[in-house]
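Each chain, written out:
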Amino acid sequence: MRRLTLAGNTTVITGAASGMGAEVARQLSASGAHLALIDHNAEGLTALAEELGEGVTTHIVDLRDDDAVFAAAADIVAAHTRINALITCAGSSMLGTLEQLTMEEMRWLIDVNLWGTVSITKALLPVMRRQPAAHITHLASVYALAAPAGRIPYAMSKFAVRAFSESLRHELEDSSVTVGAVYPAGVRTGIILHGRYAASIDPSVAARAASAQAAMYHTEPSDAAARIVRATVRRRARTMVGREARLIDVLVRFSPSRYWRAMRGPLRQAVDTTTPTV
């Protein structure tokens, strides 16, 4: 398959103000790509744009707002030529059991992680189709392969992103646009520490569970970003990031109905949202 040339062309990145989105933006900017950066965090996005310099536009968007997403896409198309890559890094986490979480809390996360990904992809697909070669990279998660306790809405959203990516790849198989998903595990971005949790959970309990999960993360954001960029250039359909992701991928394939038995022990503190005994 023809590799993608990002230098001199434009890549659109969601969730660009921090974490892996910001690292991807830095690496692409250094390689000569033009960038359209999307995030709801205006301060973080402005700081990154100033750091990167020329060839960058910023777009403050709440990805839950379809109208705002399509308006931002129109602004991007007006400001940039040759948009040949979209990398969707925007997302958040949510801690809590089904009984602890409200429907509103779960819908909020699905709107951010899933529908935000779908809307920006739909908005930019027509212009990307006009390129000789283009690629869409959706950031999924290792929890799009295996669903742990205490992460129901997050796993739901990421399984859905995986399904969206695969279905769209099949729809576009005869076009110039390819689609891939990236499955990171254990990246030190702070997403779990700054993520949301059910309002019914004691904050100290949520902090303990989040810290336990963060302590299991070993991959540096710059390393994960390099894998994401490489997957985009090579137009890969499926990319694992981190040793844990590769292990879980094998585990789920080997034991699709019993993998939780192996995961439960290492994740015990990270998924425990019960109040400690005083």
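In this report, the structure presented in the accompanying data block is examined.

Cut-offs applied
Residues numbered from 1 in each chain as written. Predicted model: local features only at pLDDT ≥ 70, side-chain atom pairs only at ≥ 80, totals over all residues. Heavy atoms only, no water. Pairing = 2+ DSSP bridges. Helix = DSSP H or I, 4+ residues; strand = E, 2+ residues; numbered from the N terminus. Axes fitted to C-alpha atoms, helices over the stretch in contact; angles between N-to-C directions. Contact = heavy atoms within 4.5 Å. Core = buried A, V, L, I, M, F, W, Y, C linked by side-chain atoms within 4.5 Å. Buried < 20%, exposed > 50% of the residue type's maximum accessible area, 1.4 Å probe, protein only. Salt bridge = Lys/Arg side-chain N within 4 Å of Asp/Glu carboxyl O. Phe/Tyr/Trp six-rings, centres within 6.5 Å; stacked < 30°, edge-to-face > 60°. Lys NZ or Arg CZ within 6 Å of the ring centre and 35° of its normal. Expected span 1.5 Å × (residues − 1). Arc of directions from axis to C-beta.

Turning next to the sheet that holds strand β2 (residues 34-39). Paired through backbone hydrogen bonds, the strands of a sheet run either parallel or antiparallel to each other. Sheet architecture is open: 7 strands sit in the order β3-β2-β1-β4-β6-β7-β9, paired in parallel fashion. The sheet is open, and its two borders are formed by β3 (56-60) and β9 (238-241), each paired with just one other strand. Neighbour to neighbour, the strand axes of the sheet diverge by 15 degrees on average, direction disregarded. As defined by bridge partners, strand β6 (residues 134-139) adjoins strand β7 (residues 177-184) across 6 bridges and the pair is classed as parallel. Bridging from a neighbouring strand, Ala134 pairs with Val177 of β7. Relative to strand β4 (residues 83-88), helix α4 (residues 103-129) is tilted by about 170 degrees, and along the sheet it contacts β1 (10-14), β2, β4, β6 and β7.

A few words on the nonpolar core. With 61 residues, the main nonpolar core has Val12, Leu124, Met128 and Ile136 as its most contacted residues. For this core, the element with the highest residue contribution is α4, accounting for 13 residues. What Met128 contacts, discounting residues up to four positions off in sequence, is Ile83, Asn84, Ala85, Leu86, Ala134, His135, Ile136, Ser176 and Val177.

What follows concerns the pattern of salt bridges. Summed over the entire model, instances satisfying the criterion amount to 6 salt bridges. Between Arg26 and Glu51 there is a salt bridge, with the nearest N and O atoms lying 2.7 Å from each other. One end of the pair, Arg26, is in helix α1 (residues 19-30); the other, Glu51, is in helix α2 (residues 42-52), with 25 residues separating them in the sequence. With its nearest N and O atoms 2.8 Å apart, the salt bridge here joins Arg64 to Asp62. Here the salt bridges share partners, and the residues they tie into one network are Glu23, Arg26 and Glu51.

In this section: the packing of aromatic side chains. Inspection of every chain in the model, using the stated rule, returns 1 aromatic pair. A centroid spacing of 6.3 Å and a plane angle of 90 degrees characterise the contact between Tyr143 and Tyr154, whose relative ring orientation is edge-to-face. Here Tyr143 is found in the loop between β6 and α5 (152-171), whereas its partner Tyr154 is found in helix α5, with 11 residues between them in sequence. For Tyr143, a relative accessible area of 8% translates into the label buried. Arg196 extends its terminal NZ or CZ atom over the ring of Trp108, reaching a point 3.7 Å from the ring centre.

Between its first and last C-alpha atoms helix α8 (residues 243-254) spans 17 Å; for 12 residues at 1.5 Å apiece the expected length is 16 Å, and the two agree. Buried within α8 we find Glu244, Ala245, Ile248, Asp249 and Val252. Taken down its axis, α8 places every buried residue within 135 degrees of arc, on the same side. Along α8, exposed side chains directed more than 90 degrees from the buried face belong to Arg243, Val250, Arg253 and Phe254. Against β7, β9 and α9 (259-264) lie the buried residues of α8.

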